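# Overview (structure and organization)
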Amino acid sequence: MKLRSIATMAAVAALASAAPAQAQVEQTTFVSGTAADAEFDRFVPRPTDETTQIDYGFFNEALEFMVLRMGPSTRQGERRPDANLGTRRVYGHDSRVRLEGNRVVFSFLDEAAVAPLAEYRRDLERIASETDITRLSRNEQLAFWMNLHNVAVIEQIALNYPAPSPSRLKLGPDKTPLDTTRFINVAGVAMSPRDIRTKIVFPNWNSPDVIYGFFRGEVGGPSIWRRAYTGQNINELLDISAKEFVNSLRGVEAYGSNLLVSAIYEEAAPFYFPQMGADLKAHLSSHAQEEVQGLIASKPGVKVNTYVDTVADLAGGEREPVYNTILSDGNAQGTRITPSIARLMIERGEKLEKLRREGLLRGRVIVLPPTGAEETPPPAPEVE
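Residues numbered from 1 in each chain as written. Predicted model: local features only at pLDDT ≥ 70, side-chain atom pairs only at ≥ 80, totals over all residues. Heavy atoms only, no water.

## A word on the nonpolar core
If you look at the biggest cluster of nonpolar residues, it comprises 95 residues, and the most contacted ones within it are Trp145, Met191, Val201, Tyr265 and Leu284. Counting residues per element, this core draws most heavily on helix α4 (residues 138-159), at 12 residues. Residues in contact with Met191, not counting those within four places in the same chain, are Phe40, Phe43, Trp145, Thr181, Arg182, Phe183, Ile184, Val186, Ile196 and Ile200. (Core = buried A, V, L, I, M, F, W, Y, C linked by side-chain atoms within 4.5 Å. Buried < 20%, exposed > 50% of the residue type's maximum accessible area, 1.4 Å probe, protein only. Helix = DSSP H or I, 4+ residues; strand = E, 2+ residues; numbered from the N terminus. Contact = heavy atoms within 4.5 Å.)

Structure (structure tokens):
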């Protein structure tokens, strides 16, 4: 059995075209603070043989349109770009890790594109309010919470764009941070993105790989992918995300005698890395490639690195002045490709070409089942 969201294909078309429309975003209720931990007991997974699956087709199509892949890290920090001609200001992304982590094209999303995302987030809330989410398989539950978290974060950044830093974005009348504002409501429980991570998922799943399933909307955090999580693909996607992050400068690098690790591990430490030492190193080693393995083994100390909180978009959360136009049927038309976006895309192209030359970009071989094979895939191993 599959539960299909009521978000329609018309909504997908509106998102993909990003054309002006009269779509209205429904009022969202913002609640400051955090809910009591006892309220989240109702979301503890229970033993089940339920085979119900949630269909994330809409979110899949939205992600395919919105997400730009940046490729794996070269582990070489980028120098600060030069200022634009005629100004001393550098617009757009300028951090040394600006070519790491996939991007959402927030600067190209207008109201017609954002409204379906807000509707879809409410659809997911309704599904979990009308269905006992704790009776689904553990993988289905985990996929649900990650998709709900990620669509909610994307929705709020898009609604409040331009937003240079999601961490500093304030919501609602009380102007509370996006990450701790309880604008999500499931089965009568108001919750924030951080609540989903630290009060539902981290306490109930033993694998620290779940850390990498949560998109925070920032360059410094785990990547967003062009596929929604499902009960079948969640092991694969979490493994891909973990390897991408751990082997990037965002995740692990070194300075002196210290291993520098991302600030996201601090939040997860009470659940997975109590000492932020040998236990964290063991986890990182399980995903590290040779160069990073060497760093982990050779550095005795562990310190938290500087976290890049710039929004994971193409423009650095800024509205850059655009002075150039293009002609269409003899009429001047503005262009949404700003100089800073153009620069980032050129840098991205050079990076991908370098990775290809080094053999670090490889195609994937998809093996199809033989004719007459069972069409229903076997259940994926549960993420515990």
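## Some words on helix α2 (residues 57-66)
Among all positions of α2, only Phe58, Phe59, Ala62, Leu63 and Met66 are buried. The arc that holds the buried residues of α2, viewed along the axis, is 130°, so those residues lie on one side. (Arc of directions from axis to C-beta.)

## Examining the confidence of the model for the protein
On average, residues of the protein carry a pLDDT of 86, and 81% of them reach 70 or more. Overall, residues 1-25 carries pLDDT values under 50, and its contacts beyond four positions in sequence, including any with other chains, amount to 54 contacts. Segment residues 363-375: pLDDT under 50, and two contacts once partners within four positions in sequence are set aside and those in other chains are kept. (pLDDT = per-residue confidence, 0-100.)

## What about the sheet that holds strand β11 (residues 301-304)?
Here we have three strands laid out as an open sheet, ordered β9-β10-β11, and mixed in their pairing. Taken across any chain shown, the strands that pair with only one partner, and hence form the sheet edges, are β9 (252-255) and β11. Direction aside, neighbouring strands of the sheet carry axes that sit 35° apart on average. With four bridges connecting them, strand β10 (residues 258-261) and β11 associate as parallel partners. (Pairing = 2+ DSSP bridges. Axes fitted to C-alpha atoms, helices over the stretch in contact; angles between N-to-C directions.)

## A short note on the side chain of Arg75
Counting through the fold element by element, Arg75 comes out in the loop between β3 (67-68) and β4 (103-104). Taking relative accessible area as the criterion, Arg75 reaches 14% and is therefore assigned buried. At 3.5 Å, the side chain of Arg75 and the side chain of Glu291 are in polar contact. Look past the residues within four positions of Arg75 in its chain and what remains in contact with it is Val246, Asn247, Ser248, Leu249, Val252, Glu253, Glu291, Val292 and Leu295. (Polar contact = N/O pair within 3.5 Å; in protein donor to acceptor, adjacent residues only side chain to side chain.)

## Concerning the pairing of β10
Across the two faces of β10 the burial is the same, with Asn258 and Leu260 and Leu259 and Val261 all buried. Strand direction decides the pairing type here: β9 and β10, joined by four bridges, are antiparallel. Across the sheet, Tyr255 pairs through a bridge with Asn258, a residue of β10.

## Comments concerning the pattern of salt bridges
Summed over the entire model, instances satisfying the criterion amount to 24 salt bridges. Asp239 is the partner of Lys243 in a salt bridge, and the nearest nitrogen-oxygen pair spans 2.8 Å. You can see Lys243 and its partner Asp239 sitting in helix α6 (residues 234-246), four residues apart, about one turn around the helix. Judged by its relative accessible area of 35%, Lys243 falls in the partly exposed class. Several salt bridges converge on common partners, so that one network encompasses Asp179, Arg194, Arg197, Arg216 and Glu267. (Salt bridge = Lys/Arg side-chain N within 4 Å of Asp/Glu carboxyl O.)

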